[in-house]
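Tertiary structure, described
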Amino acid sequence: MMPEFDSYEVLHILRKHPDTATIPFMFLTARDEKTDQRQGMELGADDYLTKPFTRVELLGAITTRLEKQAALELQKDKKLDYLRSNITLYLPYEMDKPLNLILDISKLIMDKWDSLERYQIKTMAEDIHQ
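Here is what the cut-offs are and how they apply
Residues numbered from 1 in each chain as written. Predicted model: local features only at pLDDT ≥ 70, side-chain atom pairs only at ≥ 80, totals over all residues. Heavy atoms only, no water. Phe/Tyr/Trp six-rings, centres within 6.5 Å; stacked < 30°, edge-to-face > 60°. Buried < 20%, exposed > 50% of the residue type's maximum accessible area, 1.4 Å probe, protein only. Helix = DSSP H or I, 4+ residues; strand = E, 2+ residues; numbered from the N terminus. Pairing = 2+ DSSP bridges. Right-handed = clockwise from strand over helix to strand, strands pointing away. Salt bridge = Lys/Arg side-chain N within 4 Å of Asp/Glu carboxyl O. Core = buried A, V, L, I, M, F, W, Y, C linked by side-chain atoms within 4.5 Å. Contact = heavy atoms within 4.5 Å. Patch = residues over 30% accessible without salt bridge, like charges linked within 9 Å, V, L, I, M, F, W, Y side chains within 5 Å. Areas by Shrake-Rupley, 256 points an atom, 1.4 Å probe, with all protein chains shown as cover. Polar contact = N/O pair within 3.5 Å; in protein donor to acceptor, adjacent residues only side chain to side chain.

On to the packing of aromatic side chains, then. Enumeration over the complete set of coordinates arrives at three aromatic pairs. Centroid distance F25 to F27: 5.2 Å. Interplanar angle 75 degrees. Geometry classified as edge-to-face. We classify F25 as buried; its relative accessible area is 15%. Residue class for F27 comes out buried when judged on its relative accessible area of 2%. Ring centres of F27 and Y48 lie 5.1 Å apart, and the angle between their planes is 35 degrees; this geometry places the pair in the tilted category. With F27 in strand β1 (residues 26-29) and Y48 in strand β2 (residues 47-50), the pair connects residues that are 21 residues apart, well separated along the chain. Members of the aromatic cluster, joined through ring pairs, are Y8, F25, F27 and Y48.

And the structure:
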């Protein structure tokens, strides 16, 4: 038993903060009631080992959690790489759209300047500015 907070409160505090929310959390406790285990799991614990446990059980649980965390990191990295590659494909197109509009309007002004009314030129200039 911890002196100021119990482990449920510690987990609750850790899960509220983005920097610590995804850190794997395992209960190592003497509380072996099913309701205690459920409470821990519902708060987001990754595992719940009750005392006494063996070294093999502890190492197995730690290994499983670390492997799961590594798999999640790999999945996150793949998604990030996918997003990076797609943004480089679509960004030039998105940059071209406003530039092409500017070029089209400015060419229209240059080609037709002598037949355009002042308000038309002003409207086109406002479109370029936007």
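After that view, the rundown keeps rolling.
This part takes up the pairing of β1. Residues F27 and T29 line the buried face of β1, whereas the alternating positions M26 and L28 sit on a face that is not buried. Two elements, β1 and β2, share four bridges in a ladder whose sense is parallel. Within the sheet, the bridge partner assigned to M26 lies in β2 and is D47. Assessed by its sense of winding, the connection that carries the chain from β1 through helix α2 (residues 34-42) to β2 is right-handed.

As enumerated under the stated definition, the model contains seven salt bridges in all. Between E73 and K76 there is a salt bridge, with the nearest N and O atoms lying 3.2 Å from each other. Linking E73 with K76, this pair stays in helix α3 (residues 55-112), spanning three residues, or about one helical turn. The class for K76 is partly exposed, based on a relative accessible area of 46%. Among the salt bridges present, the one from D81 reaches R84, with a minimum N-O distance of 3.4 Å.

The next thing to look at is the nonpolar core. For soluble globular proteins, nonpolar side chains are generally found buried alongside one another. Among the nonpolar cores identified, the biggest contains six residues, and these are Y8, L11, F25, F27, A45 and Y48. What A45 contacts, discounting residues up to four positions off in sequence, is L11, R15, F25, F27 and G40.

Let us now look at a nonpolar patch on the surface. A cluster of nonpolar side chains, contributed by L59, I62 and L66, occupies part of the molecular surface with about 260 Å² of accessible area. Relative accessible area serves as the criterion here: at 34%, I62 is assigned to the partly exposed category.

If you trace the backbone, T20 turns up in the loop between α1 (7-16) and β1. Each residue touching T20, except ones within four places of it in the same chain, is listed here: L14 and R15. A polar contact of 2.6 Å, which involves the side chain of T20, links it to the backbone oxygen of L14.

This paragraph deals with the environment of P24. Mapped onto the elements of the fold, P24 is located in the loop between α1 and β1. In this structure P24 comes out as partly exposed when scored by relative accessible area, which is 31%. Once residues within four sequence positions are removed from consideration, P24 is found in contact with D46, R65 and Q69.

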